[in-house]
Each structure stands twice: as C-alpha cells, then as structure tokens.
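Structural features, examined
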Amino acid sequence: MIVILLGPPGAGKGTQAAHIVEKCHIPQLSTGDMLRAAVAAGTPVGRQAKSVMDAGKLVSDEIVAAIVEERIEQDDCANGFLLDGFPRTLVQAETLDAMLEKKDRSLDAVIELRVDESVLIERLRTRIAQTQARGEEPRKDDNEETFKERLQVYRDQTAPLIPYYEKQGKLKVVDGMASIAAVSAEIDVILDGIGPE
Ligand code: AMP
C-alpha cells in the first residue's frame, strides 16, 4: 500500500501518520525528518539543506527525490510506505510517478487533510507550548514568521498537487478540522477500501 499524506503545516499529518503506520504496518517516510537527520549528522545534503529549511523554503526537487528514491528501495518498503511531506511540488509528484512506474508500483491513495488556515497559527502556538512544556527545544522553523512562509510555500507550490491527484482519481479529502479520533476514523475507512499491494 503506497499512500501520500497531504496538507499544510499544522494540518495534523504527523499525528495521523503515526496512526496509519500502526494500522497498516508500513513505514512512514517523512522527508522533513530525513532532512533534519541529515542536518544533525552534518552530511553534505544536510549542510546544503539547513539554511533553506530554517527559512521555511523548499529544498531542491533533485535532493529530495534522490533521498526518497534511495529510501523506498529498502526492504521495509517492500509492502508499501506512507509518504509524509513528499511530494511538495508538481515536479516531485511527476518524479514520484515515474519512479514508481519504473519499479512497477503505483500509488494507492493521496489523503488530503483539509483545514481552515485560520486554525493553523493557533495549532502552531499550542505545539510550541507543548514542546517547551516537555523541556524540549521547538523546531527551528516552528516560529510564527517562518510558519507563515511555510504556509505561503504550501499555497504556491504544494496546493497544485490537489487537482493533479484529483485528475488521477487518487485524491481522498478528509476533514482535518474534526477531532484527532474522528480524522483517524475517516482515514481508516479510506484505507480499508484499499486492498494490499
Ligand atoms: P516538514 O517536517 O515536512 O515540515 O519539513 C520541514 C522542512 O524540510 C520544509 O519546510 C522544507 O524546507 C524541507 N522539506 C521537507 N520535505 C520537503 C520536500 N518534499 N521538498 C522540499 N523541501 C522539503
């Protein structure tokens, strides 16, 4: 089962990704996590990506696509995987389609978490407060100014994926304004409608 989770920053992709991983026993491939790991490890990719990520902009399509291509070849992706934060541009979406076709695989569903933008800043504030309450440092790009940039990038570069996948008949829209449990339940219905790969 190959599934994409789509939605603006703060839509709840991370939370629902954890739910899907547990339900479907497929790995979560978060390009954001992979890039943050590269930054922390100080790899050449990490060094290139750091300032772009801190500014809330997008890392180049080539870099991200290469990371994903390498990752999906690993054994734990044999029965499928969940993409969280990728693709984020039309070029990435087309690259993914080509990548999967080459491997004789195909996307099962694109789950869009649809939310009103007005709640996103409030959710960000809550997330920062919760992180600090745990005694942890918030993500460098989790501040209001960078968040607004990430939101703008989403509108400009990622939202066009919605009609792209709609045309492919793959788009499933979920009401991301509902409670976490209700969103998970809606996602379950979608996933239960997809057979194993
Ligand atoms: P995320 O954790 O998904 O919010 O990603 C954090 C940051 O990593 C983003 O703001 C981008 O700078 C970078 N990033 C993650 N995924 C991608 C992607 N698919 N394309 C380009 N940049 C990405």
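As shown above, the structure is provided for reference.
Since the model is a prediction, treat every value here as computed from it, not as a measurement.

1. Thoughts on the pattern of salt bridges
Enumeration over the complete set of coordinates arrives at 18 salt bridges. One salt bridge in this structure joins Asp 33 and Arg 36, with 2.8 Å as the shortest N-O distance. Of the two residues, Asp 33 and Arg 36 are both situated in helix α2 (residues 31–41); the distance of three residues between them amounts to about one turn of the helix. Across the pair Arg 125 and Glu 144 runs a salt bridge whose closest N-O atoms are separated by 2.7 Å. In this pair, Arg 125 is assigned in helix α6 (residues 120–133) and Glu 144 in helix α7 (residues 144–158), connecting sequence segments 19 residues apart. For Arg 125, a relative accessible area of 39% gives the class partly exposed. Using a relative accessible area of 29% as the deciding quantity, one classes Glu 144 as partly exposed. Ionic contacts of the salt-bridge type, sharing partners, join the residues Arg 127, Arg 139, Asp 141, Asp 142 and Arg 150 into one network.

2. Structural notes on the packing of α2 against helix α3 (residues 44–54)
Across the interface, α2 lies against α3 with an axial gap of 8 Å and an inter-helix angle of 115 degrees. Seen from above, α2 lies across α3 with left-handed handedness. Here Gly 32, Leu 35, Arg 36, Ala 38 and Val 39 of α2 come into contact with α3, specifically with Val 45, Gly 46, Ala 49, Lys 50 and Met 53. A per-class count over the contact of α2 with α3 returns six nonpolar, two polar and two charged.

3. Focus on the site of the ligand
Neighbouring the ligand are 16 residues; Thr 31, Arg 36, Lys 57, Gly 85 and Gln 92 lie closest to it. Arg 36 is positioned with one of its side-chain polar atoms (N or O) 3.0 Å from an oxygen atom of the ligand. In this structure, a nitrogen atom belonging to the ligand sits 2.9 Å away from a main-chain N or O atom of Gly 85. Expressed as a share of its isolated accessible area of 480 Å², the protein-covered part of the ligand is 95%.

4. Describing the pairing of strand β3 (residues 81–84)
Of the two faces of β3, the one lined by Phe 81 and Leu 83 and the one lined by Leu 82 and Asp 84 are each fully buried. In terms of strand pairing, strand β1 (residues 2–6) meets β3 through four bridges, oriented parallel. What sits directly across from Val 3, in β3, is Leu 82. Pairing geometry for strand β2 (residues 28–30) and β3, over three bridges, is parallel. Within β3, the residue paired with Gln 28 across the bridge is Leu 82.

5. Quick word on the side chain of Thr 146
Within the secondary structure layout, Thr 146 lies in helix α7. In this structure Thr 146 comes out as buried when scored by relative accessible area, which is 9%. For Thr 146, the residues in contact, after removing those within four places along its chain, are Asp 54, Ala 55, Gly 56 and Asp 141.

6. Quick word on the layout of surface pockets
In this structure, the largest pocket encloses a volume near 1,100 Å³. As for the largest pocket, its lining consists of 48 residues, and the residues nearest its centre are Pro 9, Gly 10, Lys 13, Arg 127 and Arg 139. Here the lining of the largest pocket takes five residues from α2, the largest share from any one element. Residues belonging to the lining of the largest pocket are distributed by class as follows: 19 nonpolar, 18 polar and eleven charged.

7. Section: the packing of aromatic side chains
Enumeration according to the criterion identifies one aromatic pair in this entry. Between the aromatic rings of Tyr 164 and Tyr 165, the centroid separation amounts to 5.0 Å while the plane-to-plane angle is 85 degrees, which identifies the pairing as edge-to-face. Accessibility expressed as a relative area gives 17% for Tyr 164, which makes it buried. A relative accessible area of 0% places Tyr 165 in the buried class.

Reading the values: rules and limits
Residues numbered from 1 in each chain as written. Predicted model: local features only at pLDDT ≥ 70, side-chain atom pairs only at ≥ 80, totals over all residues. Heavy atoms only, no water. Salt bridge = Lys/Arg side-chain N within 4 Å of Asp/Glu carboxyl O. Helix = DSSP H or I, 4+ residues; strand = E, 2+ residues; numbered from the N terminus. Buried < 20%, exposed > 50% of the residue type's maximum accessible area, 1.4 Å probe, protein only. Axes fitted to C-alpha atoms, helices over the stretch in contact; angles between N-to-C directions. Left-handed = near helix turned anticlockwise from the far one by under 90°. Contact = heavy atoms within 4.5 Å. Nonpolar A, V, L, I, M, F, W, Y, C, P; charged D, E, K, R; others polar. Near = heavy atom within 4 Å. Polar contact = N/O pair within 3.5 Å; in protein donor to acceptor, adjacent residues only side chain to side chain. Areas by Shrake-Rupley, 256 points an atom, 1.4 Å probe, with all protein chains shown as cover. Pairing = 2+ DSSP bridges. 1 Å grid on protein atoms, 1.4 Å probe; cavity = no way out; pocket = protein on both sides within 12 Å on 5 of 7 lines; lining within 4 Å. Points joined across faces, edges and corners; volume = space filled by probe spheres on them. Phe/Tyr/Trp six-rings, centres within 6.5 Å; stacked < 30°, edge-to-face > 60°.

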